[in-house]
Amino acid sequence: MTPNASIQHPGASAPRTRERVLHVLSALDVYLILAALLVVACWLSPSFLTLSNIGNVLTQAAVLGILATGQFLVVLIGGFDLSVAAVMALSSVLIAKHADTHLALAITEGLLAALACGIASGVAVVVGRVQPLITTLAMMGVARGLAFSVSEKSLLVSNPWITGLSGASGVLTPPTLIWLALVIVLSLWLGLTRAGLHCYAIGGNETTSRLAGVRADRIKIGVYAVSGLIAGIAGLALVIRSDSGVPNVGAGWELDSIAAIVIGGARLFGGEGSLPKAMTGVLIYQLIANVMNLTGIDPYYQSIVRALVIVVAVGLSVFRQRKRDHV
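Residues numbered from 1 in each chain as written. Predicted model: local features only at pLDDT ≥ 70, side-chain atom pairs only at ≥ 80, totals over all residues. Heavy atoms only, no water.

The biggest cluster of nonpolar side chains holds 81 residues, and the ones touching the most others in it are Ile66, Phe72, Trp179, Ile261, Met279 and Val282. For this core, the element with the highest residue contribution is helix α11 (residues 216-242), accounting for 13 residues. The contacts of Met279, once residues within four sequence positions are left out, are Gly65, Ala68, Thr69, Trp179, Val183 and Ile261. (Core = buried A, V, L, I, M, F, W, Y, C linked by side-chain atoms within 4.5 Å. Buried < 20%, exposed > 50% of the residue type's maximum accessible area, 1.4 Å probe, protein only. Helix = DSSP H or I, 4+ residues; strand = E, 2+ residues; numbered from the N terminus. Contact = heavy atoms within 4.5 Å.)

Structure (structure tokens):
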């Protein structure tokens, strides 16, 4: 070894330190954005940081968050599900229609109907080779039409179990707990099971994953089925939250769910994303809406802001993808 071999240039470690800092910031970007928004929200509205408002934000985010968990799985494998909100509405009216006479049967009926919608979408995509956007757009029309065929107006629920749950107060309400449980279960499934890891492989490169022995068709049908079932669970959470089933509820939430998970770092074209970070995106999306309500922004302008958020979210996803391609 030469005498100069162990001597390191004083500035040699600077690029490495900079890379590490950038890597940490990139990994925490969504959480940092949420923290910054919380600070801004507290500054704009003194009533934001109260237990009642925090509980309200989480409860309002819960139904969209539940939908977004199913949407995340579909986007992860390289697809889209535009039917989630309509399937949620169908499930809610089926549950509400029979909840007062037989609650268990009503819940089972609503969840099975949602599961059937998901399976039908998956079969159409995999077996029929129909594009996911076209398939789920058609299913959105079918599910919404079925919801209105069950009832043309909102159905109120007076079952004491439902009204008791809807009357629960605090930070962690029943819809929020359902959302949290789903996130935990699906995060463990994605990270610890072979099928979960195969979802990432299919979204990254379906052809390569097939050559590696992954049963892509079976997994894709399963994912669409799970997305439908989760939309049904969102319908149940909606009934619990509002004591009612509404056939026209959730219009536009399918796009909101996609925007929220993309804000949370999910790759729009599949194969990459973290479910906890995607759910942080849901909180960011809902937090923006809550701050606009607290500050009295006109609902029409709120719609414009939400539309801009969706555009920015898609733009961020494309930017991240281009940045990875150049690395």
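The discussion continues.
For helix α12 (residues 253-263), the tally of buried residues reaches nine of eleven residues, placing the bulk of the element in the interior. Of the positions making up α12, those classed as buried are Glu254, Asp256, Ser257, Ile258, Ala259, Ala260, Ile261, Val262 and Ile263. Gly265 occupies a position one or two residues after α12 and carries a positive phi of about 95 degrees.

Here the focus is the pattern of salt bridges. For the coordinates displayed, the defined rule picks out four salt bridges. For Glu206, the salt bridge goes to Lys220, with nearest N and O atoms at 3.4 Å. Of this pair, Glu206 sits in helix α10 (residues 206-211) while Lys220 sits in helix α11, and the two are 14 residues apart along the sequence. Judged by relative accessible area, Glu206 falls into the partly exposed class, the value being 24%. One salt bridge in this structure joins Asp217 and Arg210, with 2.5 Å as the shortest N-O distance. (Salt bridge = Lys/Arg side-chain N within 4 Å of Asp/Glu carboxyl O.)

For the rest of this paragraph, the subject is the side chain of Thr176. Within the element layout of this structure, Thr176 appears in helix α8 (residues 174-192). Those residues in contact with Thr176 that sit more than four places away from it in its chain are Leu58, Thr59, Ala62 and Val171.

This part takes up the packing of helix α3 (residues 51-76) against helix α13 (residues 275-294). One way to put it is that α3 packs onto α13 with a least axis distance of 9 Å and a crossing angle of 135 degrees. Judged on the interaxial angle alone, α13 and α3 are oblique. Both α3 and α13 take part in a crossing whose hand is right-handed. When α3 is examined against α13, the residues Asn53, Asn56, Val57, Leu58, Gln60, Ala61, Leu64, Gly65, Ala68, Thr69 and Phe72 are found in contact with a partner set consisting of Leu275, Ala278, Met279, Val282, Leu283, Tyr285, Gln286, Asn290 and Leu294. Among the residues forming the contact of α3 with α13, the class breakdown is 13 nonpolar, seven polar and no charged. (Axes fitted to C-alpha atoms, helices over the stretch in contact; angles between N-to-C directions. Parallel < 35°, antiparallel > 145°, perpendicular 65-115°, else oblique. Left-handed = near helix turned anticlockwise from the far one by under 90°. Nonpolar A, V, L, I, M, F, W, Y, C, P; charged D, E, K, R; others polar.)

On average, residues of the protein chain score 86 in pLDDT, and 87% of them reach the 70 mark or higher. Mean pLDDT across the secondary structure elements of the protein chain bottoms out at helix α1 (residues 13-27), with 54, and peaks at helix α5 (residues 103-126), with 96. (pLDDT = per-residue confidence, 0-100.)

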